[in-house]
Amino acid sequence: MYLYNSLSHKKELFVPNNPDLVKMYTCGPTVYHYAHIGNLRSYIMEDVLEKSLRYLGYPVRRVMNITDVGHLSSDGDTGEDKMLKGARREHKTVMEIAQMYTDAFFDDCAKLNIRKPEIVQPATGCIPEFIDMVGKLLDGGYAYLAGGNVYFDTSKLEKYYVFTEHDEEDLAVGVREGVEEDTNKRNKNDFVLWFTKSKFEDQALKWESPWGVGYPGWHIECSAISMKYLGEDLDIHCGGIDNAFPHHTNEIAQSESVIGHKWCNYWFHVHHLNTEGGKMSKSKGEFLTLSSLESRGYDPIVYRFFCLQSHYRRNLVFSWENLDNAALAYGKLIEKIAALRGGEPCQPEALEALRQRFTAALNADLNTSLAITALYDVLKAKCSDATKLAALAEFDTVLSLNLLPAAEKQREKAAREAAASADPEIDALVADRAAAKKAKNFAEADRIRDELKARGIEIIDTPQGSKWRRL
Ligand code: AMP
Ligand code: ZN
């Protein structure tokens, strides 16, 4: 599989450290609000990546953190803790807010067929690990104490900006909201590992540490949680592109300073979902959630289909019109699948040919739009319906678009509608008319047709016989 690696700015052949266990880490949500559909785009594409790896034969161990402390309003270290802001907004405690939005996040994931990682770790559950890592950074001379906080000293690194390919808009995320500069920092990019002195005396969650009562910085969470469960050699680290700087840059700085060698080989970044007005973000306050799509009547899987239609490394513009187009295309696809019938045997060679196209799409830097085209190729292929159904079921283990269950539902719906409109009396009149026609009693045949027309029924003559429908 070829994957674009943000670290090398190239598509690279994916070679795991150990093919028997691919280690994958995902930055989880900051649970101070509902996830918006932009956040969910990132998780959908990461889910397809994980399932592709499994499909290609790699066992995967995936870890996700839940940021329930330490993520300040600016991705730099200023502003208020987002969790505290959420708690105040809703007159609840920080932990109540965390639980509520964590549950809401996984509810959304379930509706979108996003597989829950085997390990999900809230940051507040790993305070000793954070303290341990900060201690090691201080001992190694990579960190310093100033104004009560512990800072990472970026001047100690040979190379700090590991991902140089940011556009201005992405870089601006870290310094949004025009917050004032922290004068404790020795260098502009130094960042907080452990806060004790914060402008916010009412920080709800605080823990004892060798440097005083305080709380961890956001970046240390992901380094320590990843290493706790996945060790010092990570294969893939995922996140939205806005996390490349400063969050992932700082994760690399900390992790590699502690372990003394390269930490993660592949960095997988999903580009943004934008509205017509710009990036969708929680902090802007105006954003769309999965529930808001559902309340407008959209099936969450239509949103997944919409995301899969474009490449993860392109910004995707959300509009209702675009979503309607996706809903239409998805509906047609399901209708076509519903028309397939089993029965004949599956043809292994034909299945293999279909499989190759699909796999080629995944291998080409997770080209999900091509993978969707491969579904249409299946429908057009010259092979038995059973082969097509087998291919679609297999490909859906990666795409998770409910292809066969939705087609089954569609068939059941059509059968229900047919049953609801059945009428034995009309069937009998249609049969009488057919008999009259056969007996060349056209006057009687016309009379019956007119009678039915007066009752709002139209007769349709087909080579297979006469059918009827309500007008
Ligand atoms: P957060 O809950 O803010 O920590 O973000 C959760 C994930 O969503 C992170 O991987 C972010 O990089 C990602 N993300 C944030 N905004 C967007 C967006 N507009 N489009 C795609 N991904 C996003
Ligand atoms: Zn992270």
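Preceding block: the structure.
First, a word on what this report is: a plain description of the structure on this page. Everything numeric in this text was worked out from a predicted model, so none of it was measured.

**Description of the overall build of the protein chain**
And step 1. The helix and strand tally for the protein chain stands at 16 helices and 16 strands.
And step 2. Relative to the compact-globule value of 23 Å for 471 residues, the protein chain shows a C-alpha radius of gyration of 29 Å, a clear excess of over 25%.
And step 3. Counting only C-alpha atoms and orienting by the principal axes, one finds that the protein chain spans roughly 105 × 50 × 35 Å.
And step 4. Within the protein chain, buried positions represent 52% of all 471 residues.
And step 5. Contacts in the protein chain between residues at least 24 apart in sequence constitute 77% of all its contacts with a sequence separation of at least 6.
And step 6. Summed over all atoms, the accessible surface of the protein chain reaches about 21,200 Å², with 52% contributed by carbon and sulfur.
And step 7. Of the side-chain charges in the protein chain, 58 are positive and 69 negative, and the distance between the mean point of each set is 6 Å.

**Regarding the nonpolar core**
And step 1. Counting residues in hydrophobic clusters, the biggest one holds 132 residues, and the most contacted among them are L49, L53, I236 and Y303.
And step 2. Ranked by residues supplied to this core, first place goes to helix α1 (residues 37-55) with 8 residues.
And step 3. Those residues in contact with L49, other than ones at most four positions away along the chain, are M1, L3, M24, I236, C238, F268 and L366.
And step 4. In this structure, L429, V430, L452 and I457 belong to the second largest nonpolar core, which totals 8 residues.

**Focus on the coordination of the zinc ion (ligand 2)**
And step 1. Distances from the zinc ion (ligand 2) to its protein donors, namely C27 (SG), C222 (SG) and H247 (NE2), fall within the range 2.0 to 2.2 Å.
And step 2. Each donor residue of the zinc ion (ligand 2) lies on one chain, and together they are spaced C-x194-C-x24-H. Here the residue C27 occupies a position in the loop between β3 (22-26) and α1, and C222 occupies one in helix α6 (residues 218-230), the gap between them amounting to 195 residues.
And step 3. Judged by relative accessible area, C222 falls into the buried class, the value being 0%.

**Let's talk about the packing of aromatic side chains**
And step 1. For the structure on display, the rule yields 23 aromatic pairs.
And step 2. Relative to Y101, the ring of Y34 lies with its centre 4.9 Å away and its plane at 85°, an arrangement referred to as edge-to-face. Taken together, the residues Y34 in the loop between β3 and α1 and Y101 in helix α3 (residues 94-111) connect sequence positions 67 residues apart.
And step 3. Three or more aromatic residues joined by ring pairs make a cluster, and in this case those are Y298, Y303, F306, F318 and W320.
And step 4. Over the aromatic face of Y4 sits the side chain of R313, whose NZ or CZ is 3.9 Å from the ring centroid.

**Focus on helix α4 (residues 127-139)**
Residues lying three or four places apart along an α-helix face the same way, a consequence of the helix completing one turn every 3.6 residues.
And step 1. Its 13 residues give α4 an end-to-end C-alpha distance of 18 Å, which sits within 8% of 18 Å, the value for a rise of 1.5 Å per residue.
And step 2. Within the span of α4, buried status applies to I127, F130, I131, M133, V134, G135 and L137.
And step 3. Buried-residue contacts for α4 involve β6 (143-146), β7 (149-152), β8 (191-195), β9 (215-216), α6 and α7 (244-259).

**Some words on a nonpolar patch on the surface**
And step 1. Side chains of Y2, L13 and V15 sit close together on the surface and give an oily, nonpolar patch of about 280 Å² of accessible area.
And step 2. Relative to the elements of secondary structure, V15 occurs in the loop between β2 (10-13) and β3.
And step 3. The class of V15 is partly exposed, set by a relative accessible area of 48%.

**Considering the sheet that holds β9**
And step 1. Across the sheet, which stays open at both edges, the 4 strands sit in the order β6-β7-β8-β9 with antiparallel pairing between neighbours. The sheet is open, and its two edges are formed by β6 and β9, each paired on a single side.
And step 2. Here 3 bridges tie β7 to β8, and the two strands are oriented antiparallel to one another. Bridged to Y151 within β8 is V192.

**Digging into the packing of α1 against helix α13 (residues 385-399)**
And step 1. Contact geometry of α1 with α13 gives a least axis separation of 7 Å together with a crossing angle of 135°. Judged on the interaxial angle alone, α13 and α1 are oblique. Packed against α1, whose contacting residues are V48, K51, S52 and Y55, the element α13 presents E394, F395, T397 and V398 at the interface.
And step 2. Considering only residue class, the contact of α1 with α13 consists of 4 nonpolar, 2 polar and 2 charged.

**Looking at helix α2 (residues 82-90)**
And step 1. Considered for burial, the residues of α2 that qualify are K82, M83, L84, G86 and A87.
And step 2. Taken together, the buried residues of α2 touch α3.
And step 3. Directly beyond the C-terminal end of α2, a positive phi value near 50° is found at H91.

**Structural notes on the pattern of salt bridges**
And step 1. Evaluated as defined, the whole model comprises 27 salt bridges.
And step 2. Across the pair D47 and K51 runs a salt bridge whose closest N-O atoms are separated by 2.9 Å. On the criterion of helical spacing, the pair formed by D47 and K51 is a turn pair, its members being 4 residues apart in helix α1. Summarising the burial analysis for this pair, D47 and K51 share the class buried.
And step 3. When the shortest N-O distance is used, the salt bridge between E425 and R455 registers 3.2 Å. A residue pair is termed long-range when its members are at least 10 positions apart, and E425 in helix α15 (residues 424-438) and R455 in the loop between α16 (442-454) and β15 (457-462) qualify at 30 residues.

**Points about unusual backbone geometry**
And step 1. A cis geometry characterises the amide bond from F245 onward to P246, with omega recorded as 0°.
And step 2. In this structure, P246 sits in helix α7.
And step 3. Of note, the phi angle at H9 is positive, near 60°, even though the residue is not glycine.
And step 4. Here H9 lies in the loop between β1 (2-5) and β2.
And step 5. Among the residues examined, H9 registers a relative accessible area of 27% and is labelled partly exposed.
And step 6. Here the phi dihedral of S400 falls at roughly 55°; this positive angle occurs in a residue that is not glycine.
And step 7. The residue S400 is located in the loop between α13 and α14 (403-420) in this model.
And step 8. Overall, S400 belongs to the buried group, its relative accessible area being 8%.

Definitions and cut-offs
- Residues numbered from 1 in each chain as written.
- Chains lettered and ligands numbered in written order.
- Predicted model: local features only at pLDDT ≥ 70, side-chain atom pairs only at ≥ 80, totals over all residues.
- Heavy atoms only, no water.
- Helix = DSSP H or I, 4+ residues; strand = E, 2+ residues; numbered from the N terminus.
- Rg over C-alpha atoms; globule rule 2.2 N^0.38 Å.
- Buried < 20%, exposed > 50% of the residue type's maximum accessible area, 1.4 Å probe, protein only.
- Contact = heavy atoms within 4.5 Å.
- Areas by Shrake-Rupley, 256 points an atom, 1.4 Å probe, with all protein chains shown as cover.
- Lys, Arg positive; Asp, Glu negative; His and termini not counted.
- Charge placed at Lys NZ, Arg CZ, Asp CG, Glu CD.
- Core = buried A, V, L, I, M, F, W, Y, C linked by side-chain atoms within 4.5 Å.
- Donors = N, O, S within 2.8 Å, 3.2 Å for Na, K, Ca; no water.
- Phe/Tyr/Trp six-rings, centres within 6.5 Å; stacked < 30°, edge-to-face > 60°.
- Lys NZ or Arg CZ within 6 Å of the ring centre and 35° of its normal.
- Expected span 1.5 Å × (residues − 1).
- Patch = residues over 30% accessible without salt bridge, like charges linked within 9 Å, V, L, I, M, F, W, Y side chains within 5 Å.
- Salt bridge = Lys/Arg side-chain N within 4 Å of Asp/Glu carboxyl O.
- Pairing = 2+ DSSP bridges.
- Axes fitted to C-alpha atoms, helices over the stretch in contact; angles between N-to-C directions.
- Parallel < 35°, antiparallel > 145°, perpendicular 65-115°, else oblique.
- Nonpolar A, V, L, I, M, F, W, Y, C, P; charged D, E, K, R; others polar.

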